[in-house]
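Listed below are the residues making up each chain.
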Amino acid sequence: MAKHRILILGGTSEARQLAARLARRDDLAVTLSLAGRTANPVAQPVPVRVGGFGGASGLAACLEGEGVSLLVDATHPYAARISANAAEAARLAGVPLVALRRPAWQAVPGDRWTVVPDVPSAVAALGDGPRRAFLALGRQELLPFEAAPRHSYLVRSVDPVEPPLSLPDVRYVTGLGPFPADDERALLSAHGIDVIVAKNSGGAATYGKIAAARSLGIEVVLIARPLLPDVPSGASVADVEALIGHALGPAEKRGV
Ligand code: NAP
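No experiment lies behind these values; they were computed from the predicted model shown.

**Points about the environment of L154**
Its place among the elements puts L154 in strand β8 (residues 152-157). Looking at L154, the relative accessible area reads 0%, which means it is buried. A C-alpha to C-alpha distance of 5.8 Å links L154 and V170, two positions 16 residues apart in sequence. Apart from residues no more than four positions distant in its own chain, L154 is found in contact with A133, F134, L135, R171, V173, L187, H191 and I193.

**Quick look at the sheet that holds strand β4 (residues 70-73)**
Across the sheet, 6 strands lie side by side as β3-β2-β1-β4-β5-β12; this open sheet has parallel pairing. The strands lining the two open edges of the sheet, one partner per strand, are β3 (48-50) and β12 (233-234). When β4 meets strand β5 (residues 97-100), the two strands line up parallel, connected through 3 bridges. Note that in β5 the partner of L71 across the bridge is L97. Where helix α1 (residues 13-23) meets the sheet, it contacts β1 (4-9), β2 (28-34), β4 and β5, and its direction lies at approximately 165° from that of β1. Each of β1, β4 and β5 touches helix α3 (residues 80-93); the most contacted strand, β4, lies at about 165° to it.

**A closer look at empty space enclosed by the protein**
Tallying each qualifying case throughout the model produces 1 cavity of 30 Å³ or more. Counted as a void, the largest cavity has a volume near 100 Å³. Considering the residues around the largest cavity, the lining is formed by 13 residues, among which T75, H76, P77, L100 and R102 are closest to the centre. Class assignment of the residues belonging to the lining of the largest cavity gives a composition of 4 nonpolar, 4 polar and 5 charged.

Quick notes on the rules
- Residues numbered from 1 in each chain as written.
- Predicted model: local features only at pLDDT ≥ 70, side-chain atom pairs only at ≥ 80, totals over all residues.
- Heavy atoms only, no water.
- Helix = DSSP H or I, 4+ residues; strand = E, 2+ residues; numbered from the N terminus.
- Buried < 20%, exposed > 50% of the residue type's maximum accessible area, 1.4 Å probe, protein only.
- Contact = heavy atoms within 4.5 Å.
- Pairing = 2+ DSSP bridges.
- Axes fitted to C-alpha atoms, helices over the stretch in contact; angles between N-to-C directions.
- 1 Å grid on protein atoms, 1.4 Å probe; cavity = no way out; pocket = protein on both sides within 12 Å on 5 of 7 lines; lining within 4 Å.
- Points joined across faces, edges and corners; volume = space filled by probe spheres on them.
- Nonpolar A, V, L, I, M, F, W, Y, C, P; charged D, E, K, R; others polar.

Shown next as structure tokens:
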């Protein structure tokens, strides 16, 4: 039986979970693609390829060359470039695309959110007086904070920040979620944090800092989500699995 080749653009826990669910089906051959940002990526349940494709045209060439029947965009909500490339490449190669779009967190009573459009605006939102800021951002988003050396920083990243930031008062912690709210509350209190800068990643794994900030009355400067292409999408792994089923057609036509 000829298998349908599915390429999942991943880097998220949902991508890994979706790959595991699809891997159980013997009519599908699933490959997961990672950007290669982390030094020790977690184990994946399907074959993995690592690194960029060379833009939308490179991804389209890969889809055609590998005979991919369906592309899944299950990347991080802030990975806007690869999501745009996925939409363009799917169009160029004539391959159906479905996306997993993790819903954003919504503010609830007690949250003290300041929503800003980008990282430089987050730096400005820290204000003129010295603050004690917890930066829960990717390594590539930290450099703009060097423009505000009056603040004390606690930086958490998956891999160590190399080279370290050029700032007089910065401490580093490394860690891979999930981060429970109780642990986050302890971390914020231990470091005397009075403001958090974060992305609205959605999902439960990194929500602990938001809940902890609410309970401690701490401000959260949230970087707004980028605009992503409007493509068929689901909000959960199960939704996307169902969309994939529809996109590939009824099982009996596929000989399963
Ligand atoms: P991006 O800016 O959308 O992508 C930049 C380039 O990286 C893409 O153009 C592509 O290179 C390559 N790329 C990205 N994801 C890929 C994948 N799954 N497979 C193969 N190549 C991929 O995304 P980003 O640089 O990864 O991250 C941007 C934001 O997302 C940051 O805020 C980051 O903290 C956040 N984030 C991303 C991930 C993730 O796994 N990507 C996870 C957590 C958080 P080519 O154009 O050469 O194909």
